[in-house]
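# Analysis of the macromolecular model
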Amino acid sequence: MAASADPQRIVIENCSIATVDAHDTEYASGYIVVADNRIESVGAGKAPEGLTGVVRRIDATGHLATPGLVNTHHHFYQWITRGLATDHNLFNWLVALYPTWARIDEPMARAAAQGSLAMMARGGVTTAMDHHYVFPKDSGDLSGAIIGAAREMGVRFTLARGSMDRSEKDGGLPPDFAVETLEGALAATEATIDAHHDASFDSMTQVAVAPCSPFSVSTELMRQGAELARRRGVRLHTHGSETVEEEQFCKELFGMGPTDYFESTGWLGSDVWMAHCVHMNDSDIAAFARTGTGVAHCPSSNARLAAGIARVPDMLAAGVPVGLGVDGTASNESGELHTELRNALLINRLGAHREAALNARQALRLGTFGGAQVLGRADQIGSLEAGKLADLVLWKLDTLAHSSIADPVTALIFGAAAPVTLSLVDGKPVVEGNHLTTVDEDAIARVTRDEARRLAQIAAGA
């Protein structure tokens, strides 16, 4: 909702501020005024005098304020299959885990979403997304369960309603019983848009059309999925150019590489973002830049599955929108996005650009404004500016872990994971004192443990 005529205000003072605006404006000591669910003002020094309706004043000495982190790629259901197939590459990992994933049901999906969201929110994520593409027959309302968990947590959320219709019998990777029909997938995706998508400025829930990947989706589902998304005015998401094997698969099956294949099916454009994009040549990067296609960079998952190092510095130099993603918690068991700020910087420095690959402020931008761009919400979130939604984080940097690092942004990115003293989403606290305010963390730990055991037992008996 827009700020009212006589709004309730939260005043935050005495903190360092990294706004991540177009000019990377920073304040060594400044203030933020939140009015209802919007940022009213940001600046140096003390907050303006005479503010009315102030319901809370926060002395944030020793903290850095940043925009809330934006996660651009995830698979929540994998929370209950963490720690499996730990020495596999992507294709072998998928073959090992698909038979288990294909037996998830609604309680499992809800529990896994709760666990995934809780870890991200505790670590400063204010906008999350989930690419869910496994819909076993008679498994219940999985999309509703995932969206319900996000609403309960109080985070802003995009559900990328995924789908698969190319199974083992068609030359794909998923088991035959784990996929939908073309018609069923399209109908269910549109029904999800009808039920849950909110296109308003301060929307808490949005839906994207998201066929899984070239090796689990037919060409017709890709084409018709793109047509559906554009007819309904929602965004498009899929996996792209993740591994060398994917490139070989596309050339053998379609006679062209992944980027050319995506373009032939309508899957390049400013309303599209793709996960990973590790194996991109100069022509691929130029095509993404020309069309405004975004990338969800998942450094830890790429390393865990030995996929390679994405050319993020080259993408940014070309003008490709890039955000960060946790990816599924069966390929990034920590389940946290704030660790990806550090890993994106460090892993990219192992590539061709070495120490010039990324700096601390570029890493922070990837995790905030870059993510907002990729999700199509850069005018609403991703930077601390007057008029934007009040999604922000206070990171505590005055403890032993960061005590001798003078620059707060360097401390946040290069240093140990910083505690979150406060996280606001839509102007409401989701984290206080490094603990979630909206849900019971211990209860979530218990239910996710129980559902993981139940899934393992079902899979073992199949």
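Predicted, not measured: the structure shown is a model, and the values here were computed from it. (Residues numbered from 1 in each chain as written. Predicted model: local features only at pLDDT ≥ 70, side-chain atom pairs only at ≥ 80, totals over all residues. Heavy atoms only, no water.)

### With respect to the packing of helix 2 (residues 106-122) against helix 14 (residues 441-461)
We apply this condition: Helix axes are fitted only over the stretch in contact, all axes being lines through C-alpha atoms; the angle between N-to-C directions runs from 0 to 180 degrees. Starting at the N terminus, helices and strands are each numbered in turn, a helix being any DSSP run of H or I of at least four residues and a strand any DSSP run of E of at least two. By definition in this entry, angles of less than 35 degrees are roughly parallel, angles greater than 145 are roughly antiparallel, angles of 65 to 115 are roughly perpendicular, and the rest are oblique. Definitions for this section: a left-handed crossing has its near helix turned counterclockwise from the far helix by less than a right angle. A right-handed crossing has that turn clockwise. Contact between two residues is taken to exist if any of their heavy atoms lie within 4.5 Å; hydrogens are not considered. Residue polarity follows a fixed list, in which Ala, Val, Leu, Ile, Met, Phe, Trp, Tyr, Cys and Pro are nonpolar, Asp, Glu, Lys and Arg are charged, and the others, Gly among them, are polar.
Orientation of helix 2 relative to helix 14, taken along the N-to-C sense of each, is 135°, at an axis distance of 9 Å. Our classification of the angle between helix 2 and helix 14 gives oblique. Handedness of the helix 2/helix 14 crossing: left-handed. Across the interface between the two elements, P107, M108, A111, Q114, G115, A118 and R122 of helix 2 pack against E441, I444, V447, T448, E451, R454, L455 and I458 of helix 14. In terms of residue class, the contact of helix 2 with helix 14 is made up of eight nonpolar, three polar and four charged.

### So, the environment of R446
The condition that has to hold: Remark: exposure states derive from per-residue accessible area (1.4 Å probe, protein chains only) relative to the maximum for the residue type, with buried under 20%, exposed over 50%, and partly exposed in between.
Mapped onto the elements, R446 comes out in helix 14. Judged by relative accessible area, which is 46%, R446 ranks as partly exposed. It is 9.5 Å that separates the C-alpha atoms of R446 and A111, two residues lying 335 residues apart in sequence.

### Regarding helix 3 (residues 142-153)
Residues that lie three or four places apart on an α-helix share one face, since the helix turns once every 3.6 residues. What counts is decided by this rule: By this rule, a helix spans an expected 1.5 Å times one less than how many residues it contains.
Here helix 3 spans 17 Å end to end across twelve residues, near enough to the 16 Å set by a 1.5 Å rise per residue. Listed in full, the buried residues belonging to helix 3 are L142, S143, G144, A145, I146, I147, A149, A150 and M153. Just downstream of helix 3 lies G154, where phi reads positive at about 90°.

### Looking at the UniProt feature "domain: Amidohydrolase-related" (unreviewed entry) in the protein
Just so we agree on the cut-off: UniProt positions are given in the numbering used here, feature names are shortened, and annotations may be inferred rather than shown by experiment.
Mapped onto this structure's residue numbering, the UniProt feature "domain: Amidohydrolase-related" (unreviewed entry) falls at residues 65-415. For residues 65-415, the helix share is 41%, the strand share is 14%, and the end-to-end C-alpha distance is 16 Å.

### Some remarks on the packing of helix 4 (residues 182-196) against helix 5 (residues 219-232)
Between helix 4 and helix 5, the shortest axis-to-axis distance is 10 Å and the interhelical angle comes to 20°. Relative to helix 5, helix 4 is oriented roughly parallel. Here helix 4 runs over helix 5; the crossing is right-handed. Note on element contacts: helix 5 touches helix 4 through E220, L221, Q224, G225, L228, R231 and R232, opposite L182, A185, L186, T189, E190, I193 and D194. Broken down by class, the residue content of the contact of helix 4 with helix 5 amounts to six nonpolar, three polar and five charged.

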